[in-house]
Amino acid sequence: MDNRTSEPGRPDHDQSLLEGLFQLAISGQSSGHDFALIEREVYARLQDTYQSPTTAS
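Below: a short report on this structure. On a predicted model such as this, the values are computed, not experimentally measured, just so you know. (Residues numbered from 1 in each chain as written. Predicted model: local features only at pLDDT ≥ 70, side-chain atom pairs only at ≥ 80, totals over all residues. Heavy atoms only, no water.)

**Description of the pattern of salt bridges**
Summed over all chains, the structure comprises two salt bridges. The shortest N-O distance in the salt bridge between Arg-45 and Asp-14 comes to 2.0 Å. You can see Arg-45 sitting in helix α2 (residues 33–50) and its partner Asp-14 sitting in helix α1 (residues 13–26), a full 31 residues away along the chain. Of the charged contacts, one joins Glu-41 and Arg-45 as a salt bridge, the two residues approaching to 2.6 Å between their closest N and O atoms. Of this pair, Glu-41 and Arg-45 both sit in helix α2, four residues apart, roughly one helical turn. Residue Arg-45 is classed as partly exposed on the basis of its relative accessible area of 29%. One salt-bridge network, in which partners are shared between bridges, spans Asp-14, Glu-41 and Arg-45. (Salt bridge = Lys/Arg side-chain N within 4 Å of Asp/Glu carboxyl O. Helix = DSSP H or I, 4+ residues; strand = E, 2+ residues; numbered from the N terminus. Buried < 20%, exposed > 50% of the residue type's maximum accessible area, 1.4 Å probe, protein only.)

So, in structure tokens, the structure goes:
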């Protein structure tokens, strides 16, 4: 179970970011300031989550 769930009745922030990015993309507004802000935030979170650890030789 995910311990980061939001309170009942309150939207999950991560879900809201992805929904906003999706809505801007499908409406063709992918070159605007709002899209760029959300895209950077989502990309940074993905990198933090999935970046592979470096190994020392």
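**Examining the packing of α1 against α2**
α2 packs onto α1 with a crossing angle of 135° between their chain directions and a minimal axis gap of 10 Å. Regarding the angle of α1 to α2, the classification is oblique. At the point where α1 passes α2, the crossing takes the left-handed sense. Contact residues: His-13, Asp-14, Leu-17, Leu-18, Gly-20, Leu-21, Leu-24 and Ala-25 in α1; Asp-34, Phe-35, Ile-38, Glu-39, Glu-41, Val-42 and Arg-45 in α2. Its residues assigned to classes, the contact of α1 with α2 shows eight nonpolar, two polar and five charged. (Axes fitted to C-alpha atoms, helices over the stretch in contact; angles between N-to-C directions. Parallel < 35°, antiparallel > 145°, perpendicular 65-115°, else oblique. Left-handed = near helix turned anticlockwise from the far one by under 90°. Contact = heavy atoms within 4.5 Å. Nonpolar A, V, L, I, M, F, W, Y, C, P; charged D, E, K, R; others polar.)

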